[in-house]
Amino acid sequence: MLHEIASKITEQLVKNNTDDQDMIDIYIYGTECILNSSITIFFIIIASFFMHQFPQILIWLGAFVLLRNHFGGYHAPNHFLCITISSLLGITAMLFHHFPIYSDPLFVLILYIISVLYTVFLVPVNNPKKHLSDHRKHIEKLKSIITVATKDFKTFTPIDNQI
């Protein structure tokens with residue numbers, strides 16, 4: 001269904017431009033990606049209002065979008081599953097903050113160390129849909145480390161430990 005919507009949007013955008021007709025499949029794919037991400041972000045933001053965690057989820061979404069782009073990894077076989085898994089991941093992150101153990105600084109430090117080590121040793125994850133050169137893998141790893149380190153470091157600031 002998302003493919004059909006993306007096709008109709010793309011056809012409307014390029015219908016008068018004959019130079020773009022040979023690129024239409026690429027435009028459709030790009031439109032699908034934008035719709036997929038937009039729907040996921042919409043569901044997560046709606047859930048954040050119900051869970052009273054809108055400011056926290058904005059920071060989480062920023063890190064999630066960056067990490068999703070640089071980590072590589074799992075690609076769901078269809079849009080519905082991708083939207084569902086990504087939305088559930090965001091909702092689970094919000095639910096996780098309600099557990100008392102999350103306020104324990106030692107627990108948070110252990111999670112921080114695990115996140116950074118995971119990123120250093122396992123990122124980017126190989127993916128048959130996205131081949132990366134060794135140089136590009138190094139760049140993606142560096143971007144991921146910076147994202148994880150700065151996002152997780154926010155947890156140690158006294159302003160708000162709910163992120």
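Residues numbered from 1 in each chain as written. Predicted model: local features only at pLDDT ≥ 70, side-chain atom pairs only at ≥ 80, totals over all residues. Heavy atoms only, no water.

(A) Representation of the packing of aromatic side chains in the model. On inspection of all chains with the given rule, the structure shows 3 aromatic pairs. Arranged with centres 4.7 Å apart and planes meeting at 10°, the rings of F49 and F54 form a pair that is stacked. Owing to a relative accessible area of 29%, F54 belongs among the partly exposed residues under this scheme. (Phe/Tyr/Trp six-rings, centres within 6.5 Å; stacked < 30°, edge-to-face > 60°. Buried < 20%, exposed > 50% of the residue type's maximum accessible area, 1.4 Å probe, protein only.)

(B) Broad picture of the packing of helix α1 (residues 2-14) against helix α2 (residues 24-50). Look at α1 against α2: their axes get within 8 Å of each other, and the N-to-C directions meet at 125°. As far as their axial angle goes, α2 and α1 are oblique. The handedness of the crossing between α1 and α2 is right-handed. Contact with α1, carried on its side by L2, H3, I5, A6, S7, I9, T10, E11 and V14, involves I24, Y27, I28, T31, E32, L35, N36 and I39 of α2 and no other residues of that element. Split into classes, the residues belonging to the contact of α1 with α2 amount to 10 nonpolar, 5 polar and 2 charged. (Axes fitted to C-alpha atoms, helices over the stretch in contact; angles between N-to-C directions. Helix = DSSP H or I, 4+ residues; strand = E, 2+ residues; numbered from the N terminus. Parallel < 35°, antiparallel > 145°, perpendicular 65-115°, else oblique. Left-handed = near helix turned anticlockwise from the far one by under 90°. Contact = heavy atoms within 4.5 Å. Nonpolar A, V, L, I, M, F, W, Y, C, P; charged D, E, K, R; others polar.)

(C) Structural detail: helix α4 (residues 79-96). Taking 1.5 Å of rise per residue, 18 residues should cover 26 Å, and α4 covers 25 Å from first to last C-alpha, within 8% of that figure. Along α4, the residues that are buried comprise C82, I83, S86, S87, G90, A93 and M94. Viewed end-on, α4 has its buried residues packed into an arc of 115°, placing them on one side of the element. For α4, the secondary structure elements touched by its buried residues are α2 and α3 (54-71). Residue N78 occupies the N-cap position of α4, its side-chain oxygen lying 3.2 Å from the main-chain nitrogen of F80. (Expected span 1.5 Å × (residues − 1). Arc of directions from axis to C-beta. Polar contact = N/O pair within 3.5 Å; in protein donor to acceptor, adjacent residues only side chain to side chain.)

(D) Up close: α3. When the terminal C-alpha atoms of α3 are compared, their 25 Å separation across 18 residues agrees well with the 26 Å that a helix rising 1.5 Å per residue should span. Listed in full, the buried residues belonging to α3 are Q56, I57, W60, L61, A63, F64, L67, H70 and F71.

(E) Main features of the environment of L117. In this structure, L117 sits in helix α5 (residues 105-122). With 28 residues separating them along the chain, L117 and I145 place their C-alpha atoms 9.0 Å apart.

(F) Highlighting the packing of α3 against α4. The N-to-C vectors of α3 and α4 enclose an angle of 135°; their axes lie 11 Å apart at closest approach. In terms of orientation, α3 and α4 fall into the oblique class. Taken as a pair, α3 and α4 cross one another with a handedness that is right-handed. Counting all contacts with α3, which are made through I57, W60, F64 and R68, the residues of α4 involved are C82, S86, L89, G90, A93 and M94. The residue makeup of the contact of α3 with α4, split by class, is 7 nonpolar, 2 polar and 1 charged.

(G) A look at the confidence of the model for the protein. Per-residue confidence for the protein gives a mean pLDDT of 81; residues scoring 70 or more make up 83%. Taking the mean pLDDT of every element in the protein, the minimum, 80, falls on helix α6 (residues 134-153) and the maximum, 92, on α2. Scored below 50 in pLDDT, residues 158-163 shows 15 contacts in the model against residues more than four places distant or in partner chains. (pLDDT = per-residue confidence, 0-100.)

(H) Molecular detail of the pattern of salt bridges. This model, assessed by the stated rule, comprises 1 salt bridge. Note that E140 and R136 form a salt bridge whose closest N and O atoms lie 2.7 Å from each other. Of this pair, E140 and R136 are both found in helix α6, 4 residues apart, which corresponds to roughly one turn of the helix. Exposure remark for R136: the relative accessible area of 34% places this residue in the partly exposed category. (Salt bridge = Lys/Arg side-chain N within 4 Å of Asp/Glu carboxyl O.)

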